[in-house]
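If you want the building blocks of each chain, they are given just below.
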Amino acid sequence: MNADWRLERVYDSEQGAIAWDVLGNGPAVVLVHGTPFSSYVWREVAQALAQQFTVYVWDLAGYGQSAQYEGQDVSLAAQGRVCAGLLDHWELARPAVVGHDFGGAVTLRAHLLEGVAVSRLVLADAVALAPWGTGFFQLASRHADVLAQLPDAVHEGLVRGYVTWPQRRRPSGQVADRLAAPWLGEAGKAALYRQIVQNDRSLTDVLERRLGDIEVPTLVLWGEHDQWLPVEQGRQLAERIPAAHLRVIAGADHLIMHDAPAVVAVEIAAFLAADEGSRSP
């Protein structure tokens, strides 16, 4: 992987080219990002985990460096299928999987609905329990056709505010540029509203009913000051999963891997290292 976080490998999925890469050596762990982000948000945590684990990172269909196109299905249902296909492509037997935000729902759909076997789960500020979706997300889902007509300069300002909003540690200009870049230009603007319009509560309601079926050890990580999904949701999620426990990341907002990358990496590494059944890929 390049130092500037360019994913060098491609998987041909049902929803087009999926950019992915792998780093490190050891038991397999897969990192799944949320919305409106990309694998770039995992960069510091991934590099830290790579000292002990083989870390797989990828951009969801329609996100980051993965393909974006009109008519693409980027719903959580499609992302769960893509995730399952990608893990099969990697030939991983019961990897540990870490899902943040939408990535939590994608991970849960892959495991509970697509039959993907995992050794351990980490759900970080995960979209799993209703209600979810910021005020902007709800507004955009109702008025995407109007917002898509915003002048490019206005749209760019909106995107920059959106991607930097859930961070207590102010990002550098370079980081903000990378977070915003996938959603700019004609294709990026359409892709941003496409993923908002295609997702609603029905895609996580089915997961809520299955949380009690999770049998593997599960770590729920949550930002103390999460503005998008209050920490109380993290407590409720941990209570609904039989083998789960909650760790609250002090001083962090929704994007915990940006606000506290070292703490998040240590928490994940300690949790995964406790799995004596971990297997190398």
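The sections below set out a description of the structure shown in this document. (Residues numbered from 1 in each chain as written. Predicted model: local features only at pLDDT ≥ 70, side-chain atom pairs only at ≥ 80, totals over all residues. Heavy atoms only, no water.)

## As for the packing of aromatic side chains
Inspection of the entire model under this criterion finds 8 aromatic pairs. When the ring of Trp 165 is compared with that of Trp 228, the centres are 5.4 Å apart and the planes differ by 75 degrees; the resulting orientation is edge-to-face. One end of the pair, Trp 165, is in the loop between α5 (152-164) and α6 (173-180); the other, Trp 228, is in the loop between β7 (218-223) and α9 (231-240), and 63 residues separate them in sequence. With a relative accessible area of 10%, Trp 228 lands in the buried category. By the ring-pair criterion, three or more aromatic residues cluster together here, those being Phe 37, Tyr 162, Trp 165 and Trp 228. Taking NZ or CZ as reference, Arg 43 lies 4.1 Å from the ring centre of Tyr 40, over its face. Over the aromatic face of Phe 271 sits the side chain of Arg 120, whose NZ or CZ is 4.6 Å from the ring centroid. (Phe/Tyr/Trp six-rings, centres within 6.5 Å; stacked < 30°, edge-to-face > 60°. Helix = DSSP H or I, 4+ residues; strand = E, 2+ residues; numbered from the N terminus. Buried < 20%, exposed > 50% of the residue type's maximum accessible area, 1.4 Å probe, protein only. Lys NZ or Arg CZ within 6 Å of the ring centre and 35° of its normal.)

## Quick notes on the packing of helix α4 (residues 135-147) against helix α7 (residues 185-197)
At a minimum axis distance of 9 Å, the contact between α4 and α7 shows a crossing angle of 125 degrees. Overall, the two elements α4 and α7 adopt an arrangement that is oblique. In terms of crossing hand, the pair formed by α4 and α7 is left-handed. On the side of α4, the interface is formed by Phe 136, Phe 137, Ala 140, Ser 141, Ala 144 and Leu 147, while α7 contributes Tyr 193, Gln 195, Ile 196 and Val 197. (Axes fitted to C-alpha atoms, helices over the stretch in contact; angles between N-to-C directions. Parallel < 35°, antiparallel > 145°, perpendicular 65-115°, else oblique. Left-handed = near helix turned anticlockwise from the far one by under 90°. Contact = heavy atoms within 4.5 Å.)

## Thoughts on the sheet that holds strand β3 (residues 28-32)
The strand order β1-β2-β4-β3-β5-β6-β7-β8 describes an open sheet built from 8 strands, whose pairing is mixed. Of all the strands in the sheet, just β1 (9-13) and β8 (244-249) have a single pairing partner and so form its edges. Between one strand and the next, the sheet's axes are offset by a mean angle of 20 degrees, whatever the strand orientation. Packed on one face of the sheet, helix α2 (residues 76-90) meets β1, β2 (16-24), β3, β4 (54-58) and β5 (96-100) and runs near 140 degrees to β4. Taken strand by strand, helix α3 (residues 102-113) contacts β3, β4, β5 and β6 (120-124), and its axis lies near 140 degrees from that of β5. (Pairing = 2+ DSSP bridges.)

## What about the pairing of β4?
Burial of β4 is extensive: 5 of the 5 residues sit out of reach of the surface. For β2 and β4, the ladder comprises 5 bridges, and the chain directions are antiparallel. Looking at the pairing, Gly 24 lines up with Thr 54 of β4.

## Considerations on α3
Here α3 is 12 residues long and its end C-alpha atoms lie 16 Å apart, about the 16 Å a rise of 1.5 Å per residue gives. Of all the positions in α3, only Phe 102, Gly 103, Gly 104, Ala 105, Val 106, Thr 107, Leu 108, Arg 109, Ala 110, His 111 and Leu 112 are classed as buried. (Expected span 1.5 Å × (residues − 1).)

## Details of the nonpolar core
Counting residues in hydrophobic clusters, the biggest one holds 101 residues, and the most contacted among them are Val 55, Trp 58, Leu 237 and Ile 268. Ranked by residues supplied to this core, first place goes to α2 with 8 residues. Other than its neighbours up to four places away in sequence, Val 55 contacts Asp 21, Val 22, Leu 23, Val 29, Leu 31, Ala 46, Leu 49 and Ala 50. (Core = buried A, V, L, I, M, F, W, Y, C linked by side-chain atoms within 4.5 Å.)

## A look at unusual backbone geometry
Pro 36 follows Thr 35 through a cis peptide bond whose omega is 0 degrees. For Pro 36, the position within the fold is in the loop between β3 and α1 (43-49). The phi dihedral of Asp 101 is positive, around 55 degrees, even though this residue is not glycine. Among the structural elements, Asp 101 can be located in the loop between β5 and α3. Look at Asp 125: it is not a glycine, yet its phi comes out positive at around 40 degrees. Looking at where Asp 125 falls in the secondary structure, it is placed in the loop between β6 and α4.

## Comments concerning the environment of Ala 144
Tracing the chain through its elements places Ala 144 in helix α4. Through-space distance from the C-alpha of Ala 144 to that of His 111 is 31 Å; in sequence the pair is 33 residues apart. Setting aside chain neighbours within four positions, we find Ala 144 in contact with Tyr 193 and Val 197.

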